[in-house]
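Descriptive analysis of the structure
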Amino acid sequence: MATAPPPSRRAPRQLQAGRGPRPVTSHPGSVAMAAGALSGLVAVLETYRGRDRVVRALCYGCQLAGGALAGPQAPPSGLPGSLLAVSAQLSACRTALRLFDDFAMLGYSCSYGLGPKDEDVLVRGLSVLCNLANQLYYPCEHVAWAADAGIIRVGSQKWWTLSTALWASSLLLGILRSLRILFQLRRKLRQHQCSTSSPPSRRAVKARVKAEVLSVLADLADLSNAIHWLPPGFLWAGHFPPWLVGLLGTISSLIGIYQASRGGNSEAV
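Definitions and cut-offs
- Residues numbered from 1 in each chain as written.
- Predicted model: local features only at pLDDT ≥ 70, side-chain atom pairs only at ≥ 80, totals over all residues.
- Heavy atoms only, no water.
- Phe/Tyr/Trp six-rings, centres within 6.5 Å; stacked < 30°, edge-to-face > 60°.
- Buried < 20%, exposed > 50% of the residue type's maximum accessible area, 1.4 Å probe, protein only.
- Axes fitted to C-alpha atoms, helices over the stretch in contact; angles between N-to-C directions.
- Helix = DSSP H or I, 4+ residues; strand = E, 2+ residues; numbered from the N terminus.
- Parallel < 35°, antiparallel > 145°, perpendicular 65-115°, else oblique.
- Left-handed = near helix turned anticlockwise from the far one by under 90°.
- Contact = heavy atoms within 4.5 Å.
- Nonpolar A, V, L, I, M, F, W, Y, C, P; charged D, E, K, R; others polar.
- Expected span 1.5 Å × (residues − 1).
- Polar contact = N/O pair within 3.5 Å; in protein donor to acceptor, adjacent residues only side chain to side chain.
- pLDDT = per-residue confidence, 0-100.
- Core = buried A, V, L, I, M, F, W, Y, C linked by side-chain atoms within 4.5 Å.
- Patch = residues over 30% accessible without salt bridge, like charges linked within 9 Å, V, L, I, M, F, W, Y side chains within 5 Å.
- Areas by Shrake-Rupley, 256 points an atom, 1.4 Å probe, with all protein chains shown as cover.
- Salt bridge = Lys/Arg side-chain N within 4 Å of Asp/Glu carboxyl O.

1. Here's the deal with the packing of aromatic side chains
In total, this model carries 3 aromatic pairs according to the counting rule given. Both rings, one in Tyr137 and one in Tyr138, keep their centres 5.4 Å apart while their planes meet at 85°; by these two values the pair is edge-to-face. Owing to a relative accessible area of 0%, Tyr137 belongs among the buried residues under this scheme.

Quick look at the structure:
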């Protein structure tokens, strides 16, 4: 069974790229821009979260390209088969690296606790449930991975199904949380229109609205894939072709990279 990508509800870390001395050339602007882009890429790849985002995008991108090129061919061979094989290897790589994510998730869950007292009660409740689903996801996936590797003698299928269901639950809770925040932000914008609040304040609220809308879109794309990976018979489980799984995952991955480059998700209202 193809492994499910990880929950993505933790706030991304802002990656800051350093910039070296500007070389003296006939086109200093172009060279400096290229050097800055390279420096930024290196800074991203030197962090675990940044590297995971890039690998995730490549994984789904290869699945999208391989599935589109293969068409109805089964099993795919040639270039499409190679691209799908690369996608599977990258997915397995991410699964192995997630063996060490439990403590990071536990640290985040403990630091959040029951949420700030000045935060909306519904947002806090959804966040706590989301953190719980994320926390339970990891050990279930670890058991499934260990079973497939022959380390423990249990059936892996039920553990893959349980981990996927927990991932889907986390995504659904995240969507509901974002929708609640959007409702509150919309009410704030209405209040700003009726008041003499400063333009920077309104711009900040609009930026948070944009971040939450992108989060909803990314979570919806991932949720569609998560349901596809559940046992057949539940909604559209098992009905997506590889190119559609790759397309949805690529959209979600690119949104995540964009949000990380812009400083991550908005704070809760």
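2. Considering the packing of helix 7 (residues 199-228) against helix 8 (residues 242-261)
For the pair helix 7 and helix 8, interaxial distance at closest approach is 9 Å and the crossing angle is 150°. Judged by the angle between their axes, helix 7 and helix 8 are roughly antiparallel. Considering the relative orientation of helix 7 and helix 8, their crossing is left-handed. Contacts between helix 7 and helix 8 involve Lys210, Ala211, Leu214, Ser215, Leu217, Ala218, Ala221, Asp222, Ser224, Asn225 and His228 from the former and Leu244, Val245, Leu248, Gly249, Ser252, Ile255, Tyr258 and Gln259 from the latter. Across the contact of helix 7 with helix 8, the residue classes break down as 10 nonpolar, 7 polar and 2 charged.

3. Focus: helix 5 (residues 121-148)
Taking 1.5 Å per residue as the helical rise, helix 5 with its 28 residues ought to reach 40 Å, and the 41 Å between its terminal C-alpha atoms agrees with that figure. For helix 5, the N-terminal capping position is held by Asp120, with its side-chain oxygen 3.1 Å away from the main-chain nitrogen of Leu122. Of the residues one or two after helix 5, Gly150 is the one with positive phi, at around 80°.

4. Some remarks on the confidence of the model for the protein chain
The predicted model of the protein chain has a mean per-residue pLDDT of 84, with 85% of residues at 70 or higher. Across residues 1-26, confidence stays below pLDDT 50; counting only partners more than four residues off in sequence or on other chains, it has 74 contacts. For residues 264-269, every residue scores under 50 in pLDDT, and the model assigns this stretch 21 contacts once sequence neighbours within four places are set aside.

5. Focus on the nonpolar core
With 21 residues, the main nonpolar core has Trp167 and Leu223 as its most contacted residues. Those elements giving two or more residues to this core turn out to be helix 5, helix 6 (157-193), helix 7 and helix 8. The element contributing the most residues to this core is helix 6, with 6 residues. Not counting residues within four places of it along the chain, the set of residues in contact with Leu223 comprises Ala168, Leu171, Leu172 and Ile175. Grouped together as the second largest cluster of nonpolar side chains are 5 residues, Ile181, Leu185, Leu189 and Val205 included.

6. Quick word on a nonpolar patch on the surface
There is a patch of nonpolar side chains on the surface, built from Leu38, Leu41, Val42 and Leu45 and spanning about 320 Å² of accessible area. Turning to its location among the elements, Leu45 is positioned in helix 1 (residues 28-45). Owing to a relative accessible area of 31%, Leu45 belongs among the partly exposed residues under this scheme.

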